[in-house]
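If you want the building blocks of each chain, they are given just below.
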Amino acid sequence: MAITTADVLVETLIDWGVDVVFGIPGDGVNGVIEAFRKHRSEIRFIQVRHEEAAAFAACGYAKYTGKLGVCVATSGPGGIHLLNGLYDAKLDLQPVLAITGLQHHDLIGTATQQDVELDKLFMDVAKYNARVMGPAHMRSVADLACRTALAYRGVSHITIPVDIQSMATDEAQRSERNVPGHSVDAFARSARLPAEADLRVAADILNQGRRVVIMAGAGALHATDELERLADRLGAVIVKALLGKAAVPDDSPFTTGQIGLLGTEPSQNALESCDTLLIAGSSFPYIEYYPRPGQARAVQVELDPMRIGLRYPVECGLVGDCRRTLQALLPLVRPNEDRSFLKKAQKEMRSWMRLMAERGTRTDTPMKPQVVAWELGQRLSDTAILSCDSGTIATWWARQIPVKRGQMHSLSGTLATMAPSLPYSIAAQLAYPNREVVAFVGDGGFSMLMADFVTCVKYELPVKVIIINNASLGQIKWEQMVFLGNPEYACDLAPIDFALFAEACGGAGFTIREAETCGAILDEALRTPGPVIVNAVVDPHEPPMPPKIKASQIKAFAKALARGTPARGRIALTVASDTIRELL
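Fair warning: this is a prediction, and the values are worked out from it, not measured in the lab.

> How should the pairing of strand E4 (residues 96-102) be read in this particular structure?
The side chains of a regular strand alternate between both faces of the sheet. Burial analysis of E4 places seven of its seven residues in the buried class, the great majority of the element. Burial along E4 is two-sided: the residues Val 96, Ala 98, Thr 100 and Leu 102 and Leu 97, Ile 99 and Gly 101 are all buried. Direction of pairing for strand E3 (residues 69-73) relative to E4: parallel, over a ladder of five bridges. Within E4, the position partnered with Val 70 by the bridge is Leu 97. For E4 and strand E6 (residues 155-161), the ladder comprises seven bridges, and the chain directions are parallel. Across the sheet, residue Val 96 finds its bridge partner in E6, namely Val 155.

Rendered as structure tokens:
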């Protein structure tokens, strides 16, 4: 049987260690799909229900494994559907390869069916982007695409005219300058260590600090021990960006948890009062939550030299792998005997956690969303993988679900798109079939790609989907009121019985309506074999309170109520009740 262009592509993927791809067949990629069929014993093709889910799954696979994530889509609309998930990978710096089809090579640009030149469309999202011109072109392009995505932690894109996909390889088609065998699957890593002189400058800055904060991001996820050792030596407080939630466990004596709008008050206090900041593998985008420029001397550890000083005016940049850089830095850092800054943060954190426990154990009717998150957090295994979605759901995840050492947590950090939680979880369960995998998602986000729950059923993936159902696009609702002073508009969602939907798909469905039964139902759902949806119906008027409430937010909120926000009486009563309860 002749080897085709698509065969060369799939065999190259196998050489690069790819063993799973996500996508949907289509007539624009028929040759590629046939190559996957012929190599199905070496590489698994996971059919999803929407191309966006394929791209999200590829991104999630890269996040949880560190390997190359791969997604496949047909020509025209199929490729277009990939873009949101690919931008998620681009902005969160994940290695993903997208494979798409084009129409016949001699009809491109003639307004033929599905005539979308996807390589032009993908110019912004992709670090490497190529149209394959023939069978002899494929090997070089595929090697470069894989190498670029992994080396530069971004998106690569290969698009192939449909007739070229099935062409047999023929040395006669090779140009005289394209020497056979010149391209290989070699991948080299640098030492990823900063210069010794830079390390000494950084250590001198840290040694002079008396109130040191370490901001840990996704780049520090593999540096848990080093972060804690450095914090112990400096008497420092570790605050965490959302993508760095699992960098240190939440029971660590050095962390005050998340930062930003979804963060904790102790973390914000630490940032507002520190005199020294070490940014460890983070590009946390909300600049307004950093120390004021000039308040703190700063050091940044970052793998990408372009990002040094991106968010804060640092004095010293350390370009390197976070774990190896901190290992090299530790011997140069002197112990700080003054623990007052850390002790103050620890005292504030104990008070904050009492508040989180109080919010998570309330028995109000309707049930509070914090209760579901709190009860879930108590039940997750030490090796659980939890994927969160965007919206108010991220607030409950950030605050009410403590991360344990050995767990993995993620969400769409920089793009902050809705809907990746389920595809991330599909990828995680495929990568780690023996680990507990949970999707924690709002009803708005889940309903966008809910058809892919069937993917869990089809491939017998025991993903547990916990839906916080507040019948609303909650984050948008509160932003309209609290940031802009506008009445809530167009945020209410029509109800869906997600438990019934789960059963219709062939999975198991549970519904929680009362705080008193929440824990018991979660216990039953988590031990149920196979894919499960838990439909947790919660108070639609529960606000995601910021760590510190600003006067401008109170003024805007009052203005929104006065201008006619629907259900403004119930909303005002809920907010007032929460505030009074916490003051007492």
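> Explain helix H15 (residues 392-400) here, please?
Turn by turn, an α-helix covers 3.6 residues, leaving residues three or four places apart pointing in a common direction. Among the nine residues that make up H15, nine are buried, leaving the element largely enclosed by the rest of the structure. Regarding H15, the residues found buried are Thr 392, Ile 393, Ala 394, Thr 395, Trp 396, Trp 397, Ala 398, Arg 399 and Gln 400.

> What is the right way to read the sheet that holds strand E8 (residues 237-240) from this model?
Two pairing modes exist for strands in a sheet, parallel and antiparallel, and in both the strands are linked by backbone hydrogen bonds. Spatial strand order, E9-E8-E7-E10-E11-E12: six strands in an open sheet with parallel pairing. Where the open sheet ends on each side, the last strands, each with one partner, are strand E9 (255-258) and strand E12 (316-319). Neighbour-to-neighbour, the strand axes of the sheet open up by a mean angle of 15°, direction not taken into account. Sheet analysis places strand E7 (residues 212-216) next to E8, joined by four bridges and oriented parallel. What sits directly across from Val 213, in E8, is Val 237. On top of the sheet, helix H10 (residues 224-234) reaches E7, E8 and strand E10 (276-280); it is set at about 170° to E7, its chief contact. This element, helix H12 (residues 322-329), spans E10, strand E11 (297-302) and E12 of the sheet and lies at about 130° to E11.

> Would you mind showing me how to read the pattern of salt bridges here?
Between side chains of opposite charge, pairing is possible as soon as their charged atoms come close. Throughout the structure, instances matching the rule amount to 26 salt bridges. Among the ionic pairs, Asp 539 bridges to Lys 368, the shortest N-O distance being 2.8 Å. Separated by 171 residues along the polypeptide, Asp 539 in the loop between strand E18 (532-537) and helix H22 (551-562) and Lys 368 in the loop between helix H13 (340-360) and helix H14 (369-379) bring together distant segments of the chain. Taken as a pair, Asp 539 and Lys 368 share a single burial class, namely buried. Residue Arg 379 is joined to Glu 375 by a salt bridge in which the shortest nitrogen-to-oxygen separation is 2.6 Å. In this pair, Arg 379 and Glu 375 are both assigned in helix H14, four residues apart and thus about one turn of the helix distant.

> How should the nonpolar core be read in this particular structure?
Nonpolar side chains in soluble globular proteins generally cluster together in the buried interior. In terms of nonpolar packing, the biggest core is built from 57 residues, with Phe 22, Cys 71, Leu 86, Phe 446, Phe 453, Val 465 and Ile 533 touching the most fellow members. The residues contacting Phe 453, other than those within four sequence positions of it, are Leu 422, Phe 446, Val 465, Phe 501, Ala 502, Cys 505, Gly 507, Pro 531, Val 532 and Ile 533. Grouped together as the second largest cluster of nonpolar side chains are 50 residues, Ala 220, Leu 271, Ile 279 and Val 299 included.

> I keep staring at the packing of aromatic side chains and nothing clicks. Help me out?
Centre-to-centre distance and the angle between the planes together describe a pair of aromatic rings. Scanning the model with the defined rule gives eight aromatic pairs in all. Geometrically, the ring pair formed by Phe 36 and Phe 45 is tilted, given 5.7 Å between the ring centres and 45° between the ring planes. With relative accessibility at 3%, the residue Phe 36 sits in the buried group. Each member of the aromatic cluster is reached from another via a ring pair, and the members are Phe 284, Tyr 286, Tyr 290 and Tyr 312. Residue placement shows Lys 245 over the ring face of Trp 397; its charged tip is 5.2 Å from the ring centre. It is Arg 435 that lies over the ring of Tyr 432; its NZ or CZ is 5.2 Å from the centre.

> It is not clear to me how the state of the cysteines should be interpreted in this structure. Could you clarify?
What we call a disulfide is simply a covalent bond connecting the sulfur atoms of a pair of cysteines. Overall, the coordinates contain zero disulfides when judged by the stated rule. This cysteine, Cys 322, is not joined by any disulfide, and Cys 316 carries the nearest cysteine sulfur, 14 Å off. The exposure class of Cys 322 is buried, given its relative accessible area of 4%.

> Would you take a moment to explain the packing of helix H11 (residues 265-273) against H13 for this structure?
Each packed pair of helices is defined by two parameters, the angle between the axes and the distance between the axes. Two numbers describe how H11 lies on H13: the axes approach to 8 Å, and their chain directions differ by 155°. In terms of orientation, H11 lies roughly antiparallel with respect to H13. Here the hand of the crossing between H11 and H13 comes out right-handed. Residues Glu 265, Pro 266, Asn 269, Ala 270 and Ser 273 of H11 touch H13, and the partners they reach there are Phe 341, Ala 345, Glu 348, Met 349 and Trp 352. Residue composition of the contact of H11 with H13, grouped by class: six nonpolar, two polar and two charged.

Basis of the calculations
Residues numbered from 1 in each chain as written. Predicted model: local features only at pLDDT ≥ 70, side-chain atom pairs only at ≥ 80, totals over all residues. Heavy atoms only, no water. Buried < 20%, exposed > 50% of the residue type's maximum accessible area, 1.4 Å probe, protein only. Helix = DSSP H or I, 4+ residues; strand = E, 2+ residues; numbered from the N terminus. Pairing = 2+ DSSP bridges. Axes fitted to C-alpha atoms, helices over the stretch in contact; angles between N-to-C directions. Contact = heavy atoms within 4.5 Å. Salt bridge = Lys/Arg side-chain N within 4 Å of Asp/Glu carboxyl O. Core = buried A, V, L, I, M, F, W, Y, C linked by side-chain atoms within 4.5 Å. Phe/Tyr/Trp six-rings, centres within 6.5 Å; stacked < 30°, edge-to-face > 60°. Lys NZ or Arg CZ within 6 Å of the ring centre and 35° of its normal. Disulfide = S-S within 2.5 Å. Parallel < 35°, antiparallel > 145°, perpendicular 65-115°, else oblique. Left-handed = near helix turned anticlockwise from the far one by under 90°. Nonpolar A, V, L, I, M, F, W, Y, C, P; charged D, E, K, R; others polar.

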